[in-house]
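Each chain, written out:
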Amino acid sequence: LKMFCFYLPLHLLMVACLCHSIKAPTTRSQQRLKTDLFNFYHSLILDDGKETTIHLLKDIPKRYYFVLEEGRALAPFTVTVTPCDVPIEWSILAYKALASFLGKAARGDHDTQEVSKSQRSPTMVSTIFNYKGNSVETYMGMSSHSALYVLEFLSTERDTHITVYLTTDTTSGHLYPELPMDPRIDVIGIGHTTVTLTWKNSPSVLQHRENIHYCLLVNEKHNYKSLCAAETAIRSSGMKLPPALALSLSPYLLEPQQVMILSNSELSIINKVSSGEVRQICMGTKNTYTVPNLSPSTQYYFDVFVVNLLTNASAAYTGTFARTLEEPVPKVMELKDGKVIQVVLDGKNQKFYNLQYQAKHKKIQFSFQLCQGQVQLHITKNGKTVALENISGLRYFSLKGKLLDTYAVQLRSTEQSNSSVKVQVSPYFHKPLFPLLPESLKIKSFSKLRTCNSVTIAWLGTQEKSKYCVYKKRIEEDQVWMELQSVDRCSGPESRHKSEKVLCKDFYDVNVQRAVTTETIRGLDAGTLYLFDVYLFGPSGIPIRYHSKVVKTRKKC
């Protein structure tokens with residue numbers, strides 16, 4: 001038997017030797033011993049000093065064991081279990097007599113008489129700890145004699161996974177960063193779009209600043225009791241999140257639903273999930289942080305994790321929540337029939353500009369002329385959306401409803417710079433604000449007709465008799481981009497210098513196909529860039545500016 005046991009691995013050796021020694025059970029204690037051995041045989045060894053990830057199937061228990069060596073006086077040990085999803089049940093069972101015998105079996109110094117005694121004496125089994133829930137729990141134990149410990153884990157809700165950390169060395173430091181005596185997060189400021197948080201420093205941060213960082217998790221659903229649980233929730237929402245993506249600061253490739261922002265030594269990962277937005281922000285060792293870009297009148301949940309960047313092990317502060325302030329009621333400007341207003345929109349703050357109109361006619365028409373930048377408009381009638389789009393150039397909306405219908409118009413700049421737009425609302429039969437427009441507002445130049453002192457340009461007209469005025473401006477090559485970008489498309493000739501005016505003329509053609517006019521501008525300098533503009537004046541007198549054209553005269557002729 002000794003030779004047989006000698007060549008087996010340790011955990012199989014113990015069971016083989018015992019099963020070989022034990023005859024068919026004749027007493028209840030012997031039956032219990034054999035059951036214990038069966039459970040032990042179907043258990044796995046739990047590594048000491050390492051964090052182990054364990055996958056659990058629903059309603060199927062899983063067991064791991066570890067043995068405290070005989071001869072160590074008051075051997076300490078700790079077990080930390082972190083559920084990564086649903087609540088689980090777990091317990092620690094101590095097999096004292098069994099461990100003593102297994103220790104002897106492993107050394108091969110037992111004899112038949114001792115085996116007989118072990119059969120007669122019941123195994124001492126005691127449940128020293130049990131827990132049910134989804135919190136991170138740590139058991140700290142002390143054993144004065146040799147014992148075999150079995151950890152049993154069970155998930156009754158669904159398949160899940162957990163992490164388990166066992167250590168018998170309590171003198172070499174902690175795998176997990178330490179939390180302060182008061183691990184609460186305090187909310188010290190609430191705004192319309194911001195929340196300011198503070199928390200007490202972790203002792204680990206004070207000792208190892210270069211390896212320990214704080215990371216914050218923000219979401220609209222609930223608090224998370226561990227970083228493991230948070231990452232599982234993000235994955236279950238359709239994300240493919242690499243482990244500790246925001247925490248390890250590794251250059252992972254992001255998924256399309258993720259946005260990474262790195263500024264002022266802070267790393268933000270924004271995960272677009274079905275239940276909203278989940279943000280992960282790592283801010284180094286700062287223990288006060290203002291969360292920006294939140295939505296007004298919205299409840300957010302905040303979790304702070306202190307993270308060891310070398311091991312990715314983390315400890316969670318007690319989460320908190322806060323509701324941002326309601327957005328102040330925006331000022332609303334009343335629109336009047338036929339009156340034209342020009343609205344300047346703040347690009348930096350991206351705020352909406354609100355207009356309102358109460359219909360005095362069943363059919364009405366909104367007119368918009370984009371002057372600068374890019375503008376998004378949203379029109380509602382009695383609270384229901386009738387138009388939502390980005391506008392460019394001129395845009396008309398002819399709407400039909402009832403008398404006293406309430407129309408609301410929201411405008412905002414979609415660029416960081418300011419934008420502006422002209423707005424008019426009028427009865428449908430009212431004289432139109434803008435003149436009849438051609439199919440295109442582009443100005444064409446003819447390269448073959450260019451000379452050293454003249455340029456020929458052409459533009460489309462309409463069937464309606466209108467006045468066209470041509471202006472020119474000499475510019476340098478490094479001014480071209482700025483001139484084209486900064487142009488105010490709503491400004492008329494009154495903003496131009498008198499010396500820039502070339503001519504004005506009336507033109508129309510009942511046949512749209514022939515409504516094209518040309519003009520040759522003379523007296524120009526050779527090899528020089530010129531900016532040409534054409535203004536169209538209709539019956540209302542409000543000008544429409546064609547798209548500016550830059551042309552360079554020939555250098556040699």
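Just so it is clear, the structure is predicted and the values come from calculations on it, not from any experiment.

Moving on, we come to the overall build of the protein chain. Within the protein chain, the regular secondary structure consists of nine helices and 36 strands. Across the 557 residues that make up the protein chain, the buried fraction comes to 45%. Counting contacts in the protein chain only where the partners sit at least 6 residues apart, residues at least 24 apart contribute 74% of the total. With an accessible surface of roughly 29,800 Å², the protein chain has 52% of that area assigned to carbon and sulfur atoms.

Here we take up the sheet that holds strand S21 (residues 341–345). Within a sheet, adjacent strands bond to each other through the backbone by hydrogen bonds, running parallel or antiparallel. Strand order in the open sheet formed by four strands is S21-S28-S23-S26, and the pairing between neighbours is antiparallel. Sheet topology places S21 and strand S26 (394–400) at the edges, where each strand pairs with a single neighbour. For this sheet the average axis-to-axis angle between neighbouring strands, irrespective of direction, equals 25°. Relative to strand S28 (residues 419–427), strand S23 (residues 363–372) is paired through eight bridges, and the arrangement is antiparallel. Residue pairing in the sheet places Ile364 in a bridge with Pro427 of S28.

Structurally, Thr518 is set in strand S33 (residues 516–521). A relative accessible area of 45% means that Thr518 is categorised as partly exposed. In this structure the C-alpha to C-alpha distance between Thr518 and Trp459, which are 59 residues apart in sequence, comes to 6.6 Å. Ignoring sequence-local partners within four residues, the contact set of Thr518 consists of Phe446, Ile457, Ala458 and Lys505.

What follows covers the confidence of the model for the protein chain. Summary statistics for the protein chain give a mean pLDDT of 80 and a share of 77% for residues scoring 70 or more. Below pLDDT 50 for its whole length, residues 240–265 participates in 57 contacts with residues either more than four positions away or in separate chains.

The subject of this paragraph is the state of the cysteines. All told, the structure shown has five disulfides when counted by the stated rule. Note on cysteine connectivity: Cys469 is disulfide-linked to Cys504, with sulfurs 2.0 Å apart. Sign of the S-S torsion, about 110° for the bond between Cys469 and Cys504, identifies this disulfide as right-handed. Of this pair, Cys469 sits in strand S31 (residues 466–475) while Cys504 is found in strand S32 (residues 501–507), placing the two residues 35 residues apart along the sequence.

Taken in spatial order, the five strands of this open sheet run S20-S22-S27-S24-S25, and their pairing is mixed. Two strands lie at the open edges of the sheet, namely strand S20 (332–334) and strand S25 (384–391), each paired on one side alone. Here the average twist between neighbouring strands, direction ignored, is 20°. Here six bridges tie strand S22 (residues 353–358) to strand S27 (residues 406–413), and the two strands are oriented antiparallel to one another. Bridged to Asn354 within S27 is Gln410.

Assignment of secondary structure puts Gln369 in strand S23. At 3.4 Å, the side chain of Gln369 forms a polar contact with the backbone oxygen of Arg489. Dropping the residues within four chain positions of it, Gln369 is found in contact with Gly393, Leu394, Val421, Lys422, Phe434, Arg489, Cys490, Pro543 and Ile544.

Two side chains of opposite charge can pair, provided their charged atoms sit close to one another. Evaluated as defined, the whole model comprises 13 salt bridges. A salt bridge links Glu519 to Lys505; its shortest N-O distance comes to 3.1 Å. Residue Glu519 is found in strand S33, and its partner Lys505 is found in strand S32; the two are separated by 14 residues along the sequence.

Right, let's talk about the packing of aromatic side chains for a bit. Using the criterion set out here, one finds 20 aromatic pairs in the structure. Pairing Trp199 with Tyr214 gives two aromatic rings, centres 5.6 Å apart and planes at 75°, and the pair type is edge-to-face. Here Trp199, found in strand S11 (residues 195–199), pairs with Tyr214, found in strand S12 (residues 212–219); they are 15 residues apart in sequence, far enough to count as distant. Take Tyr214: its relative accessible area is 0%, and that puts it in the buried class. The interplanar angle of 80° and the centroid separation of 6.4 Å between the aromatic rings of Tyr357 and Phe366 together place this pair among those described as edge-to-face. Of the two residues examined, Tyr357 and Phe366, each falls in the buried class.

What counts and what doesn't
The numbers attached to residues start from 1 for each chain and follow its sequence in the written order. This being a predicted model, a pLDDT of at least 70 is required before a residue's local features are given, and a value of 80 or more before pairs of side-chain atoms are given or counted; all residues contribute to the totals for chains, interfaces and linings. Each side-chain value is derived from all of the structure's non-hydrogen atoms; neither hydrogens nor water enter the calculation. Helix and strand definitions here come from DSSP, where helices need a minimum of 4 consecutive H or I residues and strands a minimum of 2 consecutive E residues; each element is numbered from the N-terminal end. Each residue is placed in one exposure class: buried if its accessible area under a 1.4 Å probe, protein chains only, is under 20% of its type's maximum, exposed if it is over 50%, and partly exposed if it falls in between. Note on definitions: a residue-residue contact is assigned when non-hydrogen atoms from the two residues lie within 4.5 Å. The Shrake-Rupley method, run with a 1.4 Å probe, gives the accessible areas here. Residue values count only the displayed protein chains as cover. At least two DSSP bridges between two strands are required for those strands to pair. For helices, the fitted axis covers only the stretch in contact; all axes are lines through C-alpha atoms, and the angles between them, taken along N-to-C directions, range from 0 to 180 degrees. Per-residue confidence from the predictor is reported as pLDDT, a score between 0 and 100. The disulfide criterion is simple: two cysteine sulfur atoms within 2.5 Å. Here a polar contact is taken to be a pair of N or O atoms separated by no more than 3.5 Å, where protein atoms must pair a possible hydrogen donor with a possible acceptor and residues adjacent in sequence count only if both atoms sit in side chains. A pair is scored as a salt bridge if a Lys or Arg side-chain nitrogen falls within 4 Å of a carboxyl oxygen belonging to Asp or Glu. In this scheme Phe, Tyr and Trp rings, the latter by its six-membered ring, pair at centre separations within 6.5 Å, and the angle between planes marks the pair as stacked below 30 degrees, edge-to-face above 60, and tilted otherwise.

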